[in-house]
Every structure is written in structure tokens, then in C-alpha cells.
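Working through the structure, step by step
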Amino acid sequence: MPPIAPSEFPPPFDPADVIGPPTDAEDERIEVGIAIVGGGPAGLACANKVMQLLENEPELTEKLGEVPVAVVEKGKVAGAHLLSGANMKPSAMEELFPDLPKEEWPVFQEVTKDAVYLLTSKAALPLKPMPPNFRNHGNYVTSVSKLGRFLAEKAEEAGVYILSETAATKLLVEDRVVKGIRSGDRGRGKEGEELGNFEPGSDVVAKATVLAEGTVGHLTYVAYDYFDMHGADPMRWELGVKEVWEVPKPLDRVIHTMGWPLRKSPKYNEFGGTFIYPMGEDKLCIGLVAGLDYTDATFSVHDALQLLKTHPFIKDLLEGGKRVAWGAKTIPSGGYFAMPKRLAVPGMVVAGDAASMVNVPTLKGVHYAMHAGMYAAETIVESLKQDSVNFEAYDEKVHKSLIEKDLYESRNMRQPFSKGFFLGGAFASAMTVTKGNFPGGHWKQEHDSEVEMDLGKARDMYVKPDNELTFAKLDSVFLSGNATRDDAPNHVRIQTKVPREIAQTWVSMCPAQVYEIPDEQLGNGATEVDVHVTASNCVQCGAITAKGGRLTLPEGGDGPLYQET
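I will try to describe carefully the structure that is included in this document. (Residues numbered from 1 in each chain as written. Predicted model: local features only at pLDDT ≥ 70, side-chain atom pairs only at ≥ 80, totals over all residues. Heavy atoms only, no water.)

From N to C terminus, the protein includes 15 helices and 27 strands. For 565 residues, the compact-globule estimate of 2.2 N^0.38 gives 24 Å, and the protein sits close to it at 23 Å. A buried classification covers 60% of the 565 residues belonging to the protein. Here the protein has roughly 22,100 Å² of accessible surface; of this, 51% comes from carbon and sulfur atoms. Side-chain charges in the protein split into 57 positive and 79 negative, and the spacing between the mean points of these groups amounts to 7 Å. (Helix = DSSP H or I, 4+ residues; strand = E, 2+ residues; numbered from the N terminus. Rg over C-alpha atoms; globule rule 2.2 N^0.38 Å. Buried < 20%, exposed > 50% of the residue type's maximum accessible area, 1.4 Å probe, protein only. Areas by Shrake-Rupley, 256 points an atom, 1.4 Å probe, with all protein chains shown as cover. Lys, Arg positive; Asp, Glu negative; His and termini not counted. Charge placed at Lys NZ, Arg CZ, Asp CG, Glu CD.)

Structure, rendered in C-alpha cells:
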């Protein structure tokens, strides 16, 4: 069979289900001052900054009502769905909490040593001098899930209402002005029927709405379509799979690797690398990140990470250790050209990962998200003081900030790697030295779902789980704390009868074993196969949205319960 693109099999999805006017009677609506969707770094930085600003604005505080700021968070608690390999730049924390000693930050340690290695299947070759984009001296190793909990605690202390276990399933828009969100129903069965504990969702109306949903934003991308906000290039993603290990030997430096087990040939288009960070004296985290524009339908980030751990250099770091946590998440990798052409529309702003605010060459996004959240807070407070829902000043703040400056300098860094590891690396080095000016211009990107997929041989490289060093997908999902009901409605939207190449792409890609091809079809060589979905396995990483399907929101509180990721 010739290669085929997942985009040729669009998922069943009706945007009208996700965007529209309020439907509750006016006296039944929940009124809040500012609704923030997403309890991650962007949303919680915004919430904290708003409350700081309101200390000097008694009139506006009174206008905002009994609930001046509400954070709508779909996880069981803030931080439950947050995952990243995070070497955090300190600028946003310093600005948001200028009087808070660094000893009280939710971090493990300041980075004082770095190392970068090029891996072959047997050797680890140190790169000296180290590529400048990997230098992390002065940054802080943190767990983003812990950072989320910390920021939520600070926000609640300041008077913010955290509405956890609440899915924001619909964007409320009236006369092309965003009016808030609708929360999802609770207590529906597998076919959508109302169970005995059924609770309908509610319209949550607000004077301002902040979409800080993180990567693959459910409401954000519908808003981009509705308000024509898309940037010059489509959104793109990478998928990261991460493990936390208790180890007997402390790790004294931040390590990045490139090369093996990813294949270097441009025909595979396997772009990515690994990170290994110390987490105090007794733990480290290890993760592998790969772009979702690869071409081999059998490629699996989870299994590539298991293979990585068999490398002598990596195996030695984990020797005598025990895996204690696991998770997976997508990362926006489109960079500058994928940012929306505007970040605000009447009544609403967008901040953080959902707006492509990630610098892929430096692997940084947390501080950009927090800065954006603070800019959003400043803009909203100033506008609401004037009884205005025009938040265009937010765009200007971002455009004049380090967010746009940094992303513009790396605007074409990701694209050259479609030409292979070595040629891509040469171009990227030239762009780093010249701050993106050579080669300049605009290197176009396509959506990951438009990349044609073929049945390759990546899976032939992978190792069988031994349950000591290497592990299967389902055992890993257990470590994520995932507790989604087996009888919950399916929140994954895909076509369920597709060419084998597309089905295999989803089966291999998913780190949580959500998708399966029936055994009899695996064996009979059928060119078109069924795809069975076990939605309760889903850890909401978002990769399916990049590769031809669409992740919508399950019931609030479902999904992983990350503690240290």
C-alpha cells in the first residue's frame, strides 16, 4: 500500500457542540468575575497576578462579585494533568513572587552542571563545547505537577476559587463576544445515558475568560477556527514520555542526549532527544521526546524510551533503582510561526502552550506561560476598570516581551530536521549562532496529520518488557494514577474503520494502549481494519489530535493524577 496521511480520515466532530451562546436561564447561571480555564503555569500565574492587582482596586473587586477569579481545572487537583521535563528559568517566579525566598520555591535544585551526549547504540559521546541552547546554568529543576499545586495554594490563599474536577466543555459566545464557559455533565454512562448520580453542567459566565488549557486545547482550537486566529503555520506537536526513578546514586548534573534510539535518515523524520534531570538526592527523571511528524506507523515514543534505558550509559544511571512514576504529554513545537495571529478577541485571551509559547531548541515553556498569564492579568484588570472587554493590549505586551523575542530567534529551528539529523543539525547550529538570521525567511511547516504514514520497521527494534528496567504500556498507565471509569463515555474522536497504516499509527503512537486492532485482522493482512478504543486508559496526552483524531474532554476528575511529573 502507498503511504497515506491521517488527515484524509477526519474524526467525527461538530464545532457547534463546543461553541455557542449560554443556554441556562439567567438566574441559574454561575457568575464569576474572571474565568480561567486550566490550572497550569499560565492560568495560575494569571490568577495570582489578578489577585495581587486587585489589592489596590477596591471598586473593580466589588464589580467582580463574590467570586472575582475562578480557575476551571479538569483534573482531580491542580497539577494532576501537568507533565514536563522542566528546567525552569527563574524570571517569572521572581516577578510573580518577588518577596518569596527561593528556598520556598517548589524546585529540587539550581542547575550548576550540564552535559550533552550524542548516543550511538553502544557509546555516549560528550559534545564539547556544549550546544548553547542546552545550557541551563542558573535554571531550576522542578516538577510541573508540583509547581501547579504550589501556584494553586498561593492562589487560594489570595482568594481565588479553584474549581477542580470541572471540565470546560463549551465556550460561551454571544454576538461574537466570549461570555465564559459551560462545565461538562457528570454521571453519564458509556452511551451518554444519565446515570443515577447524573449532574448537568452549568453555564459559568464571566466578564473575562482566559484560555490556558495547555497543549491541544479543547476550547482554544475551536476558538481559533471561529474567530479566525490561526497563525502563519499550523500547530505542531511532539510527544514526551517520562519516568521518575528512585536511585541509589545521586545525579549531579542535567543531561540531554540526542541520536540513538531515534533513526537519523530523513525518510523516518524522527526528531527529538532525551532528558535526564536530578530530583534531589534520591531521584531522577528520564524522558524521551519525539516530534509527531514521523513517517513510520510502527514508531512508539514509549517503546523507544524503554529501548533507551538498555543503553550502557543510561542503564548505569538507573542501576539498583526503582521506577516510581510515569506519564506522557504532548508539547507544542510549531514555535513562532504557529502562534495565533492574535491572542485576544472580545472577552477572551489565550496564554501558554495552547498559543505555541514553547521554545523547542532550548526546551523551555514554563516561564513563557507564566509571563503570558501575568500579561493577561494586567491587561484584563486595566480593561475591566474601564468596563471594556477589549483585551488587544495583551497582544502588544506579548509582542514586546521576551516570549516573542526568543521564539522569533528560533523561528526556523525545528523545520530543517525534516532533512535528516545531520543536515538539520547543521542548519540549526547556523540559526543558533545568527539568532535565526541565517538561513532566514519563513520555512513552512505542515500539520502533523498531513504527513503520510507507512508500515515501517521501528517496532522490530523494541525490547520485551522485563518489569525491572523496561515496562509495558498498561503497567505504566497504572503508575500515572489514572482512575477513569470504565463505563464513562468515550471522549476520543476517531474514525473506527481505516487503512491499516492509520490504525497502526494510532496503536503505536499511544503510550497508554487506548487503540487496538482486533487480533484476527492483525493476522489476516486486511488493508482496512477496525480500531477498538479503550478510552478509560487515556492519560490525555493529546497525541491523537496531532495524528488525525481529536481528543475531547472526559468527565471532570478523570485522567491521570500526576504527583511528581
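Resuming the write-up.
Ranked by internal contacts, the top residues of the largest apolar core, which has 152 residues, are Ile 34, Leu 171, Met 357 and Tyr 394. Top contributing element to this core by residue count: helix H8 (residues 366-385), with 12 residues. Other than its neighbours up to four places away in sequence, Tyr 394 contacts Leu 343, Val 349, Val 350, Ala 351, Met 357, Ala 372, Tyr 375, Ala 376 and Thr 379. (Core = buried A, V, L, I, M, F, W, Y, C linked by side-chain atoms within 4.5 Å. Contact = heavy atoms within 4.5 Å.)

Attention shifts here to the side chain of Glu 238. When you line up the elements, Glu 238 lands in strand S15 (residues 237-246). Glu 238 gets classed as buried once you look at its relative accessible area, which sits at 4%. Looking at Glu 238, its side chain comes within polar contact range of the side chain of Arg 414, at 3.5 Å. With residues near it in sequence (within four places) discarded, Glu 238 still touches Phe 271, Val 289, Ala 290, Gly 291, Leu 292, Lys 329, Thr 330, Ile 331, Ser 333, Val 360 and Arg 414. (Polar contact = N/O pair within 3.5 Å; in protein donor to acceptor, adjacent residues only side chain to side chain.)

Turning to the packing of aromatic side chains, a few remarks are in order. The full count for this structure, using the stated rule, is 12 aromatic pairs. Between Tyr 117 and Phe 313 the ring centres are 4.6 Å apart and the planes differ by 45 degrees, which places this aromatic pair in the tilted class. Taken together, the residues span a long stretch of sequence, with Tyr 117 in strand S6 (residues 114-119) and Phe 313 in helix H7 (residues 312-318) at a distance of 196 residues. Looking at Phe 313, the relative accessible area reads 21%, which means it is partly exposed. The cationic tip of Lys 547 hangs over the ring face of Tyr 294; the distance from NZ or CZ to the ring centre is 4.7 Å. (Phe/Tyr/Trp six-rings, centres within 6.5 Å; stacked < 30°, edge-to-face > 60°. Lys NZ or Arg CZ within 6 Å of the ring centre and 35° of its normal.)

Next up on the list: unusual backbone geometry. Of note, the bond from Lys 128 into Pro 129 is cis; its omega dihedral lies within 30 degrees of zero at 0 degrees. As for its placement among the helices and strands, Pro 129 is situated in the loop between strand S7 (124-126) and strand S8 (140-142). Its identity is not glycine, yet Asp 175 carries a phi of approximately 55 degrees, on the positive side. Within the fold, Asp 175 resides in the loop between strand S10 (168-174) and strand S11 (177-183). Its relative accessible area of 74% is what places Asp 175 among the exposed residues. In this model, Val 216 sits at a positive phi of 55 degrees, which is unusual for a non-glycine residue.

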